[in-house]
Amino acid sequence: MGVKLTDTQVTLTHPQDESTSVTILLYGATVTSWKVKGQERLWLSEQAKLDGSKAVRGGIPLVFPVFGKSTDHETSALPQHGFARTSTWEVLGQTSEDPLTVQLGLGPEQLSVEARQQWGRDFTLLYTVSLTGPESLTTKLEVENTDKAPFEFNVLFHTYFRIPDVSKVAVQGLTGKRVADKVLKSNYVEQTTDGVRIDGEVDRVYATESSDPVDITSDGTPIVSITGRKNTEDVVVWNPWTDKANGLADFYPKDGFKQMICVELGAVSKFHTVAPGDKWAAEQTLNAK
Ligand code: TA6
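The shown structure was predicted, so the numbers you read here are calculated from the model rather than taken from an experiment.

Here is what the cut-offs are and how they apply
- Residues numbered from 1 in each chain as written.
- Predicted model: local features only at pLDDT ≥ 70, side-chain atom pairs only at ≥ 80, totals over all residues.
- Heavy atoms only, no water.
- Salt bridge = Lys/Arg side-chain N within 4 Å of Asp/Glu carboxyl O.
- Helix = DSSP H or I, 4+ residues; strand = E, 2+ residues; numbered from the N terminus.
- Buried < 20%, exposed > 50% of the residue type's maximum accessible area, 1.4 Å probe, protein only.
- Near = heavy atom within 4 Å.
- Polar contact = N/O pair within 3.5 Å; in protein donor to acceptor, adjacent residues only side chain to side chain.
- Areas by Shrake-Rupley, 256 points an atom, 1.4 Å probe, with all protein chains shown as cover.
- Nonpolar A, V, L, I, M, F, W, Y, C, P; charged D, E, K, R; others polar.

### Considerations on the pattern of salt bridges
Applying the stated criterion across every chain, the model contains 13 salt bridges. Its salt-bridge partner being Arg57, residue Asp250 comes within 3.0 Å of it at the nearest N-O pair. Taken together, the positions of Asp250 in the loop between α2 (241-247) and β21 (260-274) and Arg57 in the loop between β5 (39-40) and β6 (62-63) put the pair 193 residues apart, joining distant regions of the chain. With respect to class, Asp250 is no different from Arg57; both count as buried. Between Glu201 and Lys244 there is a salt bridge; the shortest N-O distance is 2.9 Å.

Now the structure itself:
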């Protein structure tokens, strides 16, 4: 019960329900498991690398300081999605009993020499993970500029949700939102009124408001509700479908795309700026239904 720390991960177990827990790998500060009453709510590839050899395929990888790959920008030398998910974070400690909360930190001294050369800014990331309720998980990522000049960044919680059946899933709350569709290579306004469905590869960035609710339903029944959004104006919806799943060595089983959907909240459609000494934070609460 409570907090269990090993060399590689930290697990929080809900004080009133030991079948509810969250596990965070120190590598990437990647949430690799979120169980609610014994039911795993996140998808993790059976061939996800958990040994620090590459970003974890599944759970909640963190994207910072860049989403995707940038060009002619100070982050353009970094690999896709930046270095937060491929660096080993430090467990700073348990900060609260109720709700059970742990904090992890990342700074330049923990980055690889390569990452430092690719992006030499001084910064502190503070990641707070909390079992905010028997069915709720809150993640908050705070960016502090400890440099002498402003810097620009993206942040994203790249959450892989486990779902019963991709043919029955829909993402609600995106009707009327502007979409940057990477598969169709076009921008448009979402017209569907009964939720965004997945019937092929989907890779879209929806422009929303942090005040908007986002729900995931299966056969019309809510399975996850995302609330408590701060500084997460963008919602990325991704499913690799067959070809992309086959092309990802660590995506397994290959038909696992039928049991997952990425609904990723963050700030990715533009770079945000933080001035020296200032802080900026993104937050979300996932509520299992
Ligand atoms: O968040 C969607 C996305 O940017 C997709 O374009 C796809 O690349 C996915 O992330 C997975 O990226 P990864 O670098 O983890 O293979």
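### Some words on the site of the ligand
Close to the ligand lie Arg57, Phe67, Gln80, His81, Arg85, His158, Lys182, Asp203, Val236, Trp238 and Glu264. Separating an oxygen atom of the ligand from a side-chain N or O atom of Arg57 is a distance of 3.0 Å. Within the side chain of His81, a nitrogen or oxygen atom sits 3.1 Å from an oxygen atom of the ligand. Alone, the ligand offers 390 Å² of accessible surface; in the complex the protein occludes 84% of this. Grouping the amino acids of the shell around the ligand by side-chain chemistry returns 3 nonpolar, 3 polar and 5 charged.

So far we have only geometry, and geometry alone does not tell us how the molecule works.
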